[in-house]
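So you can see what is in the structure, the chains are spelled out below.
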Amino acid sequence: MYKRRKAFRDLTNIKREPLDQNVPIQIKKEPLNSDIRVEPRDIAIKIEQGSDGPKVKIETKHLEIEYDDDTKNIQSHPTEELFRTAYNLFCGYYGKPIRVFEGNSTSACGRKEGVTEAVISVILSQNTSNRNSSRAMKSLFEKFPKGADQVRTATASQIEDAIRSGGLAKTKSERIHKFLSDLYEEQGNVSLEHLREKETPEIKQFLSRFKGLGPKTISCVLLFTLNRPDFAVDTHVHRVTNRLGWVHEKAREKTYIKLNEEIPDDLKYDLHVLLIQHGREICKSQQPRCGSCPVLSVCEFGQNMATSEIKDESEDEEKPKKKKRKSAPKKTRKVKTEPDDNDMEELQFA
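Our subject in this report is the structure included herewith. Here the structure is a predicted model, which means the values were calculated and not measured. (Residues numbered from 1 in each chain as written. Predicted model: local features only at pLDDT ≥ 70, side-chain atom pairs only at ≥ 80, totals over all residues. Heavy atoms only, no water.)

### Some details on the overall build of the protein chain
1) Next: Scanning the protein chain for helices and strands turns up 13 helices and 5 strands.
2) Next: In the protein chain, buried positions account for 42% of the 350 residues.
3) Next: A fraction of 60% describes how many contacts in the protein chain between residues 6 or more apart in sequence connect residues 24 or more apart.
4) Next: As presented, the protein chain carries roughly 20400 Å² of accessible surface, and 49% of it is formed by carbon and sulfur atoms. (Helix = DSSP H or I, 4+ residues; strand = E, 2+ residues; numbered from the N terminus. Buried < 20%, exposed > 50% of the residue type's maximum accessible area, 1.4 Å probe, protein only. Contact = heavy atoms within 4.5 Å. Areas by Shrake-Rupley, 256 points an atom, 1.4 Å probe, with all protein chains shown as cover.)

Encoded structure:
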């Protein structure tokens, strides 16, 4: 990131032609270093007059970068071509995801025939593993087989007993009970089927009024149950897209806002499923398997890892080998892993 910003600062010293002669300049970019896996590509540099002064726009095959005289204000945007390139590479490795439009998924975050049941199920998936949330969902609807309206008549403690296997049972039971109570008080029933006829922004505005329904929960309901093109961001999607360089955000909500605007609608469902599968199998939180990565050629994190490994190997060759001393066996240390709160139904690929 430091090298990239330094390069941008250097570009500010380019002699600017008058704006009426503003023609994109085609420049050939050479590889920065022989041991870095960067292919030469064309870069278009364009200087435009903005309301706050001149702005520089750099366009490459996979990125659009904008900045003004304040080089700290740098905004990079992945191109549609980058998204489609990554999608094709993922499909070549995992296969194309198969989407199911009927029935109830056994996954808490998967498709549900009832919208209210979908909201309840996604609440159960918050901050826990897919296995735990699915088990809690199954237990809840076995105890209350008539669905959301029967759950509403139960007390918070009864709901808590039914979902205890899913983790955070007290918090989630209170959240579900309040959501259903507020919904019933507002409209006289707990049905959300009327949302199917509304536009996506209206649905987001309606559901976000209820405590505990954040962007991730609402996005899952939109994507899986209402079949809307919305790019749900769970912990895997957040981690993998940051490593790919599509975003550089610490908060998942910011990742969701940016990628939901930039990823083409026809790719949102498939890329969501593929990124979760990739996060589970290869791009893990601890010890990612970059050597087996199908998108290494377009991955910012993976290429940096490959470069550092090359440097480490060259340094090791220069150092004289020392005799290893016998040491006491190290104690095994448990590695804390992040919860697998994947906002998705069962993975199915062609």
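### Observations regarding the packing of helix 2 (residues 80-94) against helix 12 (residues 265-281)
A pair of packed helices is captured by two measures, namely the crossing angle of their axes and the spacing between those axes.
1) Next: Following both chains from N to C, one finds helix 2 and helix 12 inclined at 55 degrees, their axes separated by 10 Å at the closest point. Classified by the angle their axes make, helix 2 and helix 12 are oblique. The element helix 2 and its partner helix 12 pack so that their crossing is left-handed. The residues of helix 12 that touch helix 2, namely those facing Phe83, Arg84, Tyr87, Phe90, Cys91 and Tyr94, are Asp266, Leu267, Asp270, Leu271, Leu274, Leu275, Gln277, His278 and Glu281.
2) Next: Across the contact of helix 2 with helix 12, the residue classes break down as 9 nonpolar, 2 polar and 4 charged. (Axes fitted to C-alpha atoms, helices over the stretch in contact; angles between N-to-C directions. Parallel < 35°, antiparallel > 145°, perpendicular 65-115°, else oblique. Left-handed = near helix turned anticlockwise from the far one by under 90°. Nonpolar A, V, L, I, M, F, W, Y, C, P; charged D, E, K, R; others polar.)

### Notes on the pattern of salt bridges
Opposite charge on two side chains allows them to pair when their charged atoms are near.
1) Next: Inspection of the entire model under this criterion finds 12 salt bridges.
2) Next: The partner of Arg84 in a salt bridge is Asp266, and the shortest N-O contact between them spans 3.0 Å. With Arg84 in helix 2 and Asp266 in helix 12, this residue pair connects regions lying 182 residues apart in the sequence.
3) Next: Assessed through its relative accessible area of 53%, Asp266 is described here as exposed.
4) Next: Between Arg164 and Glu160 there is a salt bridge, and its shortest N-O distance comes to 3.7 Å.
5) Next: Since its relative accessible area comes to 48%, Arg164 is described here as partly exposed. (Salt bridge = Lys/Arg side-chain N within 4 Å of Asp/Glu carboxyl O.)

### A short note on the environment of Tyr256
1) Next: Topologically, Tyr256 is positioned in helix 11 (residues 252-262).
2) Next: Residue Tyr256 is classed as buried on the basis of its relative accessible area of 10%.
3) Next: With 24 residues separating them in the primary sequence, Tyr256 and Ala232 have C-alpha atoms 6.8 Å apart.
4) Next: Those residues in contact with Tyr256 that lie beyond four places of it in its chain are Lys204, Pro215, Ser219, Asp230, Phe231 and Val233.
5) Next: Within the structure, the side chain of Tyr256 is placed 2.7 Å from the side chain of Asp230, a separation counted as a polar contact. (Polar contact = N/O pair within 3.5 Å; in protein donor to acceptor, adjacent residues only side chain to side chain.)

### So, the packing of helix 3 (residues 115-124) against helix 4 (residues 130-143)
1) Next: Put simply, helix 3 and helix 4 touch, their axes get as near as 8 Å, and they point 135 degrees apart. Compared by their axis directions, helix 3 and helix 4 come out oblique. At the point where helix 3 passes helix 4, the crossing takes the right-handed sense. Listed contacts from helix 4 to Glu117, Ile120, Ser121 and Leu124 of helix 3 are Ser133, Ala136, Met137, Leu140 and Phe141.
2) Next: When its residues are assigned to classes, the contact of helix 3 with helix 4 shows 6 nonpolar, 2 polar and 1 charged.

That is the geometry; function is a separate question.
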